[in-house]
Amino acid sequence: MWVKPQEVLLANALWVTEQANHYFVLQRRKGHGKTKGLSSILVGTLDSVFDTKPPPFRILHQTPSSEVYYLIACSLTFTEIEKDWEWLQRNLSDTLNSFDNEEDITEFVCCKIQSVIANTLPDNQGTEDEDTQSFKTVSFKFHRLFNTPPEEKLVNYYSCSYWKGRMPRQGWLYLSVNHLCFYAYILGRETKLVISWTEITELDKTNSLLFPDSIRVATREREHYFSMFLHKSETFMLMEQLTNLAMKQLIDEKGGFNEDRDLLNKLSKNVPRKPSFLKRDLDARAHSEAYRLLFRLPAAEKLDGSTDATLWTPYNKRHVWGRMFLSQNYLCFESRVKNLVSVVIPLRDVRLVEKAENQASNSAVDKSVLITTCNRTSFLFAQIQDRDFLVQKISELLAGTRVPSLHSVTGGSCDNTSNHSSSSGISSFSQCEEVKSEPSWSPQPPLMTLFKLDFSSEAISKQEAKEKLWELHFAEYGRGVSMYRTTEVSKLVLQGVPDRLRREVWMSFSGAINEMAANAGLYRTLVDQALGKPSTANDEIERDLHRSLPEHPAFQCDIGISALRRILSAYAWRNPQIGYCQAMNIVASVLLIYCSEEEAFWQLANLCESLLPDYYNTRVVGALVDQGVLDDLTSEHLPNLHARLDELGMIRMISLSWFLTIFLSVMPYESAVNIIDCFFYDGARVIFQVALTVLESNQDKLLACRDDGEAMQLLGDYLQGVFNEEGQLTIRNKDGEHIKKSISVQSLVYDSYTHHGFLTPGMIERLRLKYRLRVVQQLEDGVGRNVVRSVVGDGYFSQDELQDLLVLVREELLSQKRVTADRYDPTQPPYEAYKVDFELFRLLFVGLSPWGKGTLAESLAARIFRLMDRNVDGLLNFRELAVALGMTCTADITQRLKLLYTLHLPPLLTSAEIESPTYSDSGPEVAAEATDFFDSMEQSVASLESVSSHAEESAVVAARELEHERPQREHSWEVRSMGSLRSLVETRDSRPDLKSVPRMSQPHFIMLWKTIYDLFQAQPEDLETYHSIATVGLSVISC
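Residues numbered from 1 in each chain as written. Predicted model: local features only at pLDDT ≥ 70, side-chain atom pairs only at ≥ 80, totals over all residues. Heavy atoms only, no water.

### A few points about the overall build of the chain
(1) Moving on: Scanning the chain from N- to C-terminus turns up 38 helices and 23 strands.
(2) Moving on: Expressed as a percentage of the 1039 residues in the chain, the buried residues total 49%.
(3) Moving on: Across the chain, every contact between residues at least 6 apart in sequence was considered, and the portion connecting residues at least 24 apart equals 65%.
(4) Moving on: Total accessible area on the chain is roughly 50,400 Å²; 53% of this is exposed by carbon and sulfur atoms. (Helix = DSSP H or I, 4+ residues; strand = E, 2+ residues; numbered from the N terminus. Buried < 20%, exposed > 50% of the residue type's maximum accessible area, 1.4 Å probe, protein only. Contact = heavy atoms within 4.5 Å. Areas by Shrake-Rupley, 256 points an atom, 1.4 Å probe, with all protein chains shown as cover.)

Take a look at the structure:
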């Protein structure tokens, strides 16, 4: 039976070789057959004892100079394994002799075996269960060993060794959604290790003398080494993926990992079954992410599957081998030869899918599918292994595809069909609008068409010549989203896109046209909802509007300013998680010059969410991560310069504005747009290429700089002097002063591709993961220190205790997928960064507080939560949480008694909660009791004036918050009494004034004594105290 190729560490241990040649070995396990001996007896005994016996016969693949073996077949009988051996001799032996490279031989063998396995699978595999039975057994063992909650899902497990000291402990590595766990049991010694993914600061592969061929996991406290993996690459990739998910959770402040349940019902073929549903889910996510990155597709797009195929390229009359990809809304193709040709076909544009007939005279078009789009462009795919299955999948996806009406100059819309089918709808909509009212605003066309700049005749002629080249290219290779993308278009982009064609090229290559097509009409709705709404984002936008590209005439009048206001406000409304970040205004203003208003909005959305993820959140994490990536690249490729910049302390200072604005803020915008041309075509690697080229060009001068100020000035002058050969004759700064030219942007871009074109998206993503760990953990540590520093002054817990509490809260918020309603506003105090709801507070109260052990613990927790919730939003910030727990755990006896007494006063303890024979649920009785209490509370307010300054300040803050957030309840007795009770409890007088303490009714006193009785119930051994409580309570009641 053929098996998926897998590495074998020890080929000859416990096995005997029966037959062998240059590339294959047939082996029999010791203990099977006629051979006798001590080793055979021992191995046979072991195999009989263990439940999972390995098949006694197997075939391994190995090249002569390699020490690595691959298991490719196994069998229970010699007859069956001999058939597989003969098949190898007959079909592969002669072919392998023709290879020159041994790595190619191994790759060919592994691919061939996988192909044989795929072709022997049955057509109808049915719907897969979530997990295999064996995996469910391991998952049960995992939860039992590490005492994890049922919500903690195991992803996969691997055999490995954990280095504890200098001795390896052989055991099992368990990777779950939130934790890395290891367990070993050797000679009576148990080894357990649990590490949260959010604690990891570094993750990499190492190969040292002490820890050979290992995976290193570093946390804030120590380093851990794991080695002797059977599947090291797979293990490391999964660890990277889970760590990356954890870091993105910390960045986004969102909920945790959510499974894609659609995978259970997905119809698929030739897909190897994973033991874990979550492993399959994560693999699908990784493939979808790579797919979206390769073809610039929307973030919600999920890869459905892929298959080998050929594409007919009409421009050179050839069939190009590559891989066809299919997702919910797109069909894409990428050639095997890198950058030879690629195609993106939106399913919204597809009008016909048909199977072409095989031709006896031309086998190249066998098993072909012809796809025709609405603009009459046809794409011929051939050599598709399972054509019928593919056509069925495309038909299913087309049936659920909505065809939006998109009116754009990008050439990606279907004017012949969608315009006709929706014309009546458009006219009726227009009439309806006219009847209702005129719209309050109108979207602007590209501002370059309204505000024309003066260019030299030479520059104009260059633009016209380039336009002709682009038009010729469109005529030959197609236009819009579905054009054939080849190296020819790369050359044109490298030379710069003509101004008149920028909107079309940018929208097509960046993928923004896809988002715009999927959300027709959304921009106008967002603008109408966002404009004029009071918000922090809108206030920040107003401050920056007149600082956005002031040298351009479009932004010296209301036309450009209003358009910029609309797209920034609309985006902040659409994505409150990002809102507005400085630098977005500069990028958006340049987009408005070349694109229409709605196109500029979708370009901005695509930039913030896909092309430069995490760049524009409140902590600019993405830009800080890319600073680390540039630091790493500089260290590797410009080591002398890196050492000098490190000495000057500016290695991380120089590039933040470069990344955030894609060089728009540091060089003339008409020069920077050439860099943006390449950025929209080639992605983020262009930014690193240009940055390295700038540093390399100024290396000698930077090495001679005496301080960081001189170096910054040098780079600033160089970038300001970058000019466009097709732009204005002279370049000026924002003050209108002439600037000395340094280099043309055309030369700068060409040099960046010549010297640093080796950078790939994969290389950038690997470095980003490395530095994302460091940056996010450094930011989290900084936020944590600020939170602890802002709370430690209350005196309830030490700094270390607060740090431990903060870690616990953060872990719970992430693992339980609890999401706060609003993102943290940096203008608020640091302790507002973390908030807990009642459910989490109850868990912490029961687990940490000595008051949380009795039967009335939940009722006490609810009243404490209500007392501490100053703004009545159903959440406690970290300071309120620390105070609530501190007053029950570490406060002095006087303050604890005051708290316990206060918790049994109305409105915290209502009549409805009192289990008394005299209880009545009539409204008048409750109101009368509340009124009496409030009168007594009013009399005691004057005596509360002498409380500590901290309590007084807290009461003022509480009053202001209540006045701002709930003015309708300002004068209610409940709100006023809660503020007074809170001030009473937080007062730390060793001898409190009894006149300031509100009086308590008998039913409330009985409940107080029941609570005290319940608190001491947890200590049944102290019977004397237990009976004394009852005696004192009865005595007080009888008085």
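### Overview of the UniProt feature "domain: EF-hand" (unreviewed entry) in the chain
(1) Moving on: What UniProt calls "domain: EF-hand" (unreviewed entry) maps, in this numbering, to residues 856-891.
(2) Moving on: In residues 856-891, helix accounts for 67% and strand for 6%; the two terminal C-alpha atoms are 21 Å from one another. (UniProt positions renumbered as here; feature names shortened; annotations may be inferred.)

### A closer look at the sheet that holds strand β11 (residues 214-219)
(1) Moving on: The sheet built from 7 strands is open, its strands ordered β9-β8-β7-β6-β12-β11-β10 with antiparallel pairing. In this open sheet, the two edge strands, each paired with only one partner strand, are β9 (189-196) and β10 (200-206). Taken pair by pair, the neighbouring strands of this sheet meet at an average axis angle of 30 degrees, ignoring direction.
(2) Moving on: Bridging between strand β7 (residues 167-176) and strand β8 (residues 179-186) involves 4 bridges; their strand directions are antiparallel. Bridged to Y174 within β8 is C181. (Pairing = 2+ DSSP bridges. Axes fitted to C-alpha atoms, helices over the stretch in contact; angles between N-to-C directions.)

### Overview of the side chain of H642
(1) Moving on: Assignment of secondary structure puts H642 in helix α21 (residues 639-648).
(2) Moving on: Residue classification places H642 among the buried residues on the basis of a relative accessible area of 14%.
(3) Moving on: Non-local contacts of H642, meaning those with residues more than four positions away in its chain, are made with D631, T634, S635 and I651.

### Some thoughts on the environment of Q556
(1) Moving on: Residue placement: Q556 occurs in the loop between α16 (536-544) and α17 (558-574).
(2) Moving on: Between the C-alpha atom of Q556 and that of H546, which follows or precedes it by 10 residues, the distance is 7.8 Å.
(3) Moving on: Other than its neighbours up to four places away in sequence, Q556 contacts P550 and E551.
(4) Moving on: From its side chain, Q556 meets the backbone oxygen of P550 in a polar contact 2.8 Å long. (Polar contact = N/O pair within 3.5 Å; in protein donor to acceptor, adjacent residues only side chain to side chain.)

### Details of the sheet that holds strand β4 (residues 57-61)
(1) Moving on: Pairing in this open sheet of 5 strands is antiparallel, and the strands run β1-β5-β4-β3-β2 from one edge to the other. With one partner strand each, in any of the chains shown, β1 (2-8) and β2 (15-20) form the two edges of the open sheet. Averaged over all pairs of adjacent strands, the angle between strand axes in this sheet comes to 30 degrees, irrespective of strand direction.
(2) Moving on: As paired elements, β2 and strand β3 (residues 24-29) share 5 bridges and run antiparallel to each other. Residue pairing for β3: W15 is matched across the bridge by R29.

### Side note on the side chain of T206
(1) Moving on: Along the chain, T206 falls in strand β10.
(2) Moving on: Beyond its immediate chain neighbours, meaning those up to four positions away, T206 contacts F211, P212, D213, S214, R216, Y225 and K232.

### Details of the confidence of the model for the chain
(1) Moving on: Chain-level pLDDT for the chain is 80 on average; 79% of the residues reach the 70-or-more range.
(2) Moving on: Here residues 405-413 is a poorly scored stretch, pLDDT under 50, and it has 29 contacts once near neighbours within four places are set aside; other chains count.
(3) Moving on: Here residues 415-438 is a poorly scored stretch, pLDDT under 50, and it has 13 contacts once near neighbours within four places are set aside; other chains count. (pLDDT = per-residue confidence, 0-100.)

### Some remarks on a negative patch on the surface
(1) Moving on: Taken together, D100, E103, D104 and E107 make up a surface patch of like negative charges.
(2) Moving on: Along the chain, E103 turns up in helix α4 (residues 102-120). (Patch = residues over 30% accessible without salt bridge, like charges linked within 9 Å, V, L, I, M, F, W, Y side chains within 5 Å. Salt bridge = Lys/Arg side-chain N within 4 Å of Asp/Glu carboxyl O. Lys, Arg positive; Asp, Glu negative; His and termini not counted. Charge placed at Lys NZ, Arg CZ, Asp CG, Glu CD.)

### Let's talk about the pairing of β3
Each regular strand displays side chains that alternate between the two surfaces of the sheet.
(1) Moving on: Where burial is concerned, most of β3 is hidden: 6 out of the 6 residues are buried.
(2) Moving on: Side-chain alternation along β3 places F24, L26 and R28 on one buried face and V25, Q27 and R29 on a second face that is also buried.
(3) Moving on: The turn joining β2 and β3, which pair antiparallel and follow one another in sequence, is formed by 3 residues.

### Some words on the packing of helix α32 (residues 878-889) against helix α33 (residues 893-902)
(1) Moving on: It is the contact of α32 with α33, at a shortest axis distance of 8 Å, that shows an interaxial angle of 115 degrees. Put simply, α32 runs roughly perpendicular to α33. Across the interface between the two elements, M887, T888 and C889 of α32 pack against Q895, R896 and L899 of α33.
(2) Moving on: When the residues that make up the contact of α32 with α33 are grouped by side-chain class, the tally is 3 nonpolar, 2 polar and 1 charged. (Parallel < 35°, antiparallel > 145°, perpendicular 65-115°, else oblique. Nonpolar A, V, L, I, M, F, W, Y, C, P; charged D, E, K, R; others polar.)

### Remarks on the state of the cysteines
(1) Moving on: Under the definition given, this model contains 0 disulfides.
(2) Moving on: The structure places no disulfide on C110, whose sulfur is separated from the nearest cysteine sulfur, that of C111, by 6.9 Å. (Disulfide = S-S within 2.5 Å.)

### Describing the packing of aromatic side chains
(1) Moving on: On inspection of all chains with the given rule, the structure shows 34 aromatic pairs.
(2) Moving on: With 5.5 Å between their ring centres and 65 degrees between their planes, W506 and Y594 make a pair best called edge-to-face. Note that W506 is positioned in helix α13 (residues 502-510) and Y594 in helix α18 (residues 584-594), a separation of 88 residues in sequence. Each member of the pair, W506 as well as Y594, carries the same accessibility label: buried.
(3) Moving on: A cation over a ring is seen here: R58 above W15, with NZ or CZ 3.9 Å from the ring centre.
(4) Moving on: A cation over a ring is seen here: R502 above Y594, with NZ or CZ 5.1 Å from the ring centre. (Phe/Tyr/Trp six-rings, centres within 6.5 Å; stacked < 30°, edge-to-face > 60°. Lys NZ or Arg CZ within 6 Å of the ring centre and 35° of its normal.)

### Observations regarding the environment of L591
(1) Moving on: Mapping L591 onto the fold places it in helix α18.
(2) Moving on: Judged by its relative accessible area of 3%, L591 is buried.
(3) Moving on: Residues L591 and Q603, 12 residues apart in the sequence, show an inter-C-alpha distance of 7.5 Å.
(4) Moving on: With near-sequence residues (within four places) excluded, L591 lies in contact with W506, A600, Q603, L604 and F680.

### Section: the packing of helix α24 (residues 685-697) against helix α26 (residues 708-720)
(1) Moving on: At a minimum axis distance of 11 Å, the contact between α24 and α26 shows a crossing angle of 115 degrees. The handedness of the crossing between α24 and α26 comes out as right-handed. Where α24 abuts α26, its residues V694, L695 and S697 lie against L715, Y718 and L719.
(2) Moving on: Here the residues of the contact of α24 with α26 sort into 5 nonpolar, 1 polar and no charged. (Left-handed = near helix turned anticlockwise from the far one by under 90°.)

### Let's talk about α21
(1) Moving on: Listed as buried for α21 are L641, H642, R644, L645 and L648. For α21, the buried positions fall inside an angular range of 165 degrees around the axis, keeping them on one side. Relative to its buried face, α21 has exposed residues pointing more than 90 degrees away, namely N640 and E647.
(2) Moving on: Along its buried surface, α21 packs onto α20 (621-637), α24, α25 (699-703) and α26. (Arc of directions from axis to C-beta.)

### Notes on the nonpolar core
(1) Moving on: With 157 residues, the main nonpolar core has F226, W470, L568, M584 and Y616 as its most contacted residues.
(2) Moving on: Contacts of L568, omitting those with residues within four sequence positions, involve I541, L545, Y580, M584, N585, A588 and L604.
(3) Moving on: Listed in part, the 47 residues of the second largest apolar core include V788, V836, L860 and M978. (Core = buried A, V, L, I, M, F, W, Y, C linked by side-chain atoms within 4.5 Å.)

### Focus on unusual backbone geometry
(1) Moving on: Between P906 and the following residue, P907, the backbone shows a cis peptide bond with an omega angle of 10 degrees.
(2) Moving on: Among the secondary structure elements, P907 is positioned in the loop between α33 and α34 (923-941).
(3) Moving on: Within the chain, K317 stands out as a residue other than glycine whose phi angle is a positive 55 degrees.
(4) Moving on: If you trace the backbone, K317 turns up in the loop between β13 (303-313) and β14 (318-327).
(5) Moving on: By relative accessible area, K317 is classed as exposed at 58%.
(6) Moving on: In this structure, V872 takes a positive phi of about 50 degrees despite not being glycine.
(7) Moving on: Looking at the element boundaries, V872 is found in the loop between α31 (857-868) and β23 (876-877).

### Considering the pattern of salt bridges
(1) Moving on: Evaluated as defined, the whole model comprises 39 salt bridges.
(2) Moving on: R216 is the partner of D204 in a salt bridge, and the nearest nitrogen-oxygen pair spans 2.8 Å. Remark: R216 occurs in strand β11 and D204 occurs in strand β10; sequence separation between them is 12 residues.
(3) Moving on: The class for R216 is buried, based on a relative accessible area of 9%.
(4) Moving on: Two residues, K835 and E832, come together in a salt bridge whose shortest N-O distance is 3.4 Å.
(5) Moving on: Given the relative accessible area of 15%, E832 is considered buried.

### Let's talk about the environment of L175
(1) Moving on: Relative to the elements of secondary structure, L175 occurs in strand β7.
(2) Moving on: A sequence separation of 63 residues divides L175 from L238, and the C-alpha atoms of the two residues are 8.3 Å apart.
(3) Moving on: Among all residues touching L175, those that are not within four sequence positions of it are L154, V155, N156, Y158, L180, W197, T235, L238, M239 and L242.

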